Amino acid sequence: ARALARRADAAGLRIVVSAGGTREPIDPVRYIGNRSSGRQGVAVARAAADRGAEVTLVAAHVEEAALVDAGHGVSVRRAGTAAELEAVMAELAPRADVVVMAAAVADYRVADVAERKLTKEAAAGVAPTLTLVENADILAGLAERRRPGQTIVGFAAETPAPGETLLERGIRKRRRKGVDLLAVNEVGWTEGFERADNALLVIDAHDEVVATASGAKRETAEALLDAILAVRSR
Ligand code: CTP
Ligand code: CA
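Source: prediction; values computed, not measured.

Calculation notes
Residues numbered from 1 in each chain as written. Chains lettered and ligands numbered in written order. Predicted model: local features only at pLDDT ≥ 70, side-chain atom pairs only at ≥ 80, totals over all residues. Heavy atoms only, no water. Buried < 20%, exposed > 50% of the residue type's maximum accessible area, 1.4 Å probe, protein only. Helix = DSSP H or I, 4+ residues; strand = E, 2+ residues; numbered from the N terminus. Arc of directions from axis to C-beta. Contact = heavy atoms within 4.5 Å. UniProt positions renumbered as here; feature names shortened; annotations may be inferred.

### Digging into helix H4 (residues 82-92)
Listed as buried for H4 are Ala82, Leu85, Val88, Met89 and Leu92. What you see down the axis of H4 is that its buried residues fit within an arc of 125 degrees, all on one side. Packing partners of the buried residues in H4 comprise strand S1 (14-20), strand S2 (24-27), strand S4 (54-60), strand S5 (74-78), strand S6 (98-101) and helix H6 (138-144).

See below:
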């Protein structure tokens, strides 16, 4: 209750948050997906709404249990593939003050989606090869079209290589995307995904770490919101 009473510091802001993982069809029954549950994005959306923002959650295959946590006061739009997500973001971003891309977007899609289910009979003993084509970088596009006063925020889940830090990777990625803030967290086979807890650091346009947080995804969401409001007020 104290946390809720503490601040309506995001009041008046329109925030669009993407969450979950896109799915790229192979045929009518199969897809290429990823392990994002959508929990981090949902936590950001919920926290922003509780702090007074007008929030739209763009859900790309968010686990139902996580989507329920978005709760009242958050409008929800759905997107299946990266292309659908790109279209919804293009529609909503122009009137948003803050855009947070927490969705795990497929980097590639299948070049020729099969009209009918692929069968072993038709393959006749030869394992199929999928040809992939690159999807548009939604976040980089949003950053390029950023309006004055608009804040564009990305997320990156990284598995650092030996001899390299999470921060170094994050700084490179933030520059590449051209975003105002990049929230970076370390993932592996066990960390990051399908878990309630999370640890992240937030990098700004001066390559400075402006927030670090660990704990429940709600806690890290609050820290990210603090960082967003801080960069907007300077
Ligand atoms: N992202 C996006 N569109 C894509 C790929 C990623 O908008 N086609 C966004 C994600 O939503 C996230 C950020 O970019 O906010 C970083 O995603 P990530 O997969 O780490 O970036 P990539 O540029 O795809 O780099 P990598 O090769 O490490 O996957
Ligand atoms: Ca990627």
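That shown, we press on.
### Thoughts on unusual backbone geometry
A positive phi angle is found at His61, which is not glycine, with a value near 50 degrees. Within the secondary structure layout, His61 lies in the loop between S4 and helix H3 (64-68). Even without a glycine there, the phi angle at Asp207 is positive, about 65 degrees. Residue position: Asp207 is located in the loop between strand S11 (197-204) and strand S12 (209-216).

### Here we look at the UniProt feature "binding site: CTP" (unreviewed entry) in the chain
Sequence positions flagged by UniProt for "binding site: CTP" (unreviewed entry) are, in local numbering, Asp107, Lys117, Phe155, Lys173 and Lys177. Annotated residues spanning 71 residues; largest pairwise C-alpha distance 37.5 Å, indicating distribution over more than one region. Its location among the elements puts Lys117 in the loop between strand S7 (108-110) and helix H5 (120-123). Leaving out residues up to four positions away in the same chain, Lys117 has contacts with Asp27, Pro28, Val29 and Arg30. With respect to the helices and strands, the residue Lys173 is situated in helix H7 (residues 166-177). Excluding residues that lie within four positions of it along the chain, Lys173 makes contacts with Ala156, Glu158 and Leu182.

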